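# Structural features, examined
Here are the chains, one letter per residue:
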Amino acid sequence: MGNSILVVDDQPGIRMLLSEVLSNKGYTVSLAGTGKDAIDKLSEKLYDLVILDYKLPVLDGKEVIKQMNSDKYNTKIVVMSGMAESIQEEIADYKVEKLISKPFNLNELCSDVEGILED
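Under an unreviewed UniProt entry, the name given to the chain is Sporulation initiation phosphotransferase F, and the organism recorded is Oceanobacillus kimchii.

Glancing now at the UniProt feature "modified residue: 4-aspartylphosphate" (unreviewed entry) in the chain. When the UniProt feature table is mapped onto this chain numbering, "modified residue: 4-aspartylphosphate" (unreviewed entry) sits at Asp53. Examined against the element boundaries, aspartate 53 turns out to sit in strand S3 (residues 49–53). Aspartate 53 sits in the buried class, given a relative accessible area of 5%. Here aspartate 53 is in contact with Val8, Asp9, Asp10, Gly61, Met80 and Lys102, once residues within four sequence places are set aside.

Before going further, it helps to examine the sheet that holds strand S5 (residues 98–101). Strand order in the open sheet made by the 5 strands is S2-S1-S3-S4-S5, with parallel pairing throughout. In this open sheet, the two edge strands, each paired with only one partner strand, are strand S2 (28–32) and S5. When the angles between neighbouring strand axes are averaged without regard to direction, this sheet yields 20°. Together, strand S1 (4–8), S3, strand S4 (76–81) and S5 form the strand contacts of helix H5 (residues 106–118), whose direction differs from that of S3 by roughly 140°.

Cut-offs applied
Here the residue numbers are simple positions, counted from 1 along each chain's written sequence. Where totals are concerned, whole chains, interfaces and linings use all residues; where local detail is concerned, this predicted model gives features only for residues with pLDDT of at least 70, and gives and counts side-chain atom pairs only at 80 or more. Side-chain measures were taken over the full set of non-hydrogen atoms in the model, leaving aside hydrogen atoms and water. UniProt positions are given in the numbering used here, feature names are shortened, and annotations may be inferred rather than shown by experiment. The helix count covers DSSP runs of H or I at least four residues long, the strand count covers runs of E at least two residues long, and both are numbered beginning at the N terminus. Partly exposed describes any residue whose relative accessible area lies between the buried limit of under 20% and the exposed limit of over 50%, with all areas from a 1.4 Å probe on protein chains only and scaled to the type maximum. Residues are treated as being in contact if the distance between any of their heavy atoms lies within 4.5 Å. DSSP calls a pair of strands paired once it identifies at least 2 bridges connecting them. In this analysis, axes come from line fits to C-alpha atoms, helices being fitted only over the stretch in contact, and the angle between any two N-to-C directions falls in the range 0 to 180 degrees.

Next up, the structure:
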């Protein structure tokens, strides 16, 4: 596999959980706790996928998505949110591979990641 994934979430427990699970699946995982951290990391390195929480401090998920779309990053985006239904329209105009509701099923998330990275 060897794909690189950036996990962006302000909750350390979610970052650690996703890092462990995705690393065990063979992915190279980097972590960011804020939207600004995510943009900084994206400017330093290319990632195959960003798993992005929508509610973030400093820069929220929508702003990160806007910047990623406008800066022409060739990175796929999965958005996670506890209010997935209410943000669907907000992100409809942006390039987002998948919107996942929190709390999420780890097996489904891993399956989604694998499918997105195989495309």
